[in-house]
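# Examination of the molecular architecture
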Amino acid sequence: MNIIISLHFRFKQFAFICSIFIFSTTFSAAQNFAKHTIEKSFNGSNSVHAIDLDGDGDIDVLGSAFVDKDITWWENDGDQNFTEHIIDGSFVGAKDVFAIDKDGNIDVLSTDHLDDEINWYENDRSENITKHPKIKN
């Protein structure tokens, strides 16, 4: 079993550097977790999810970062090595990110807390992700 954790904190309007970790464990009487750092600098992370975004059977990581203005996913190669893919590197106000599946491949929704926007990023099953016009303005 894997557990994804995003660490971040804010003081007033300042966001501080955070990291994204994966903790792996096996089911037994004594739970032992091993920490694996996926990303050391994902500034202002607001949301992180474990999801098989590329459909290859292993768990990838999807996240949003307010300070970095990023919607990003990290591809798991099956051996717990992660490759960063920036979906949107200029999303001012990035807040939450969600994975949805309505057509057999995982698309991404994100919210913006500055402009109250919802954005849809469509995955074409080859991990080519297209940003569509705002859903709400």
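A quick note: this is a predicted structure, and the numbers were derived from the prediction, not measured. (Residues numbered from 1 in each chain as written. Predicted model: local features only at pLDDT ≥ 70, side-chain atom pairs only at ≥ 80, totals over all residues. Heavy atoms only, no water.)

### A few points about the pattern of salt bridges
Oppositely charged side chains can pair when the atoms bearing their charge come close. Convention followed: Salt bridges, as used here, are contacts in which a Lys or Arg side-chain nitrogen is within 4 Å of a carboxyl oxygen on Asp or Glu. The helix count covers DSSP runs of H or I at least four residues long, the strand count covers runs of E at least two residues long, and both are numbered beginning at the N terminus.
Here the structure, examined in full by the defined rule, presents one salt bridge. Across the salt bridge formed by Lys-131 and Asp-88, the nearest N and O atoms sit 3.2 Å from each other. Taken together, the residues span a long stretch of sequence, with Lys-131 in strand β13 (residues 129-131) and Asp-88 in strand β9 (residues 82-88) at a distance of 43 residues.

### Some details on the sheet that holds strand β8 (residues 70-76)
Convention followed: When DSSP locates at least two bridges between a pair of strands, those strands are taken to pair. Note on method: axes are straight lines fitted to C-alpha atoms, helices fitted across the in-contact stretch only, with angles between N-to-C directions ranging 0 to 180 degrees.
The four strands are arranged β6-β7-β8-β9 in an open sheet whose pairing can be described as antiparallel. Each end of this open sheet is capped by a strand with a single partner; those strands are β6 (45-51) and β9. The mean inter-strand angle of the sheet, taken between neighbouring strand axes irrespective of direction, is 20°. Two elements, β8 and β9, share six bridges in a ladder whose sense is antiparallel. Bridging from a neighbouring strand, Asn-76 pairs with Phe-82 of β9.

### Quick look at the packing of aromatic side chains
Heads up, the rule is: Only Phe, Tyr and Trp rings take part, Trp by its six-membered ring, and two of them pair if their centres are within 6.5 Å. Stacked means planes under 30 degrees apart, edge-to-face means over 60, and tilted covers everything else. Only lysine NZ and arginine CZ atoms are considered, and such an atom sits over a ring when it is within 6 Å of the ring centre and within 35 degrees of the ring normal.
Applying the stated rule across the entire model yields one aromatic pair. An angle of 80° between the planes, with centres 4.9 Å apart, marks the rings of Phe-42 and Trp-74 as edge-to-face. Remark: Trp-74 occurs in strand β8 and Phe-42 occurs in the loop between β5 (34-39) and β6; sequence separation between them is 32 residues. Between Lys-131 and the ring centre of Phe-91, over which it is positioned, the NZ or CZ distance is 5.8 Å.

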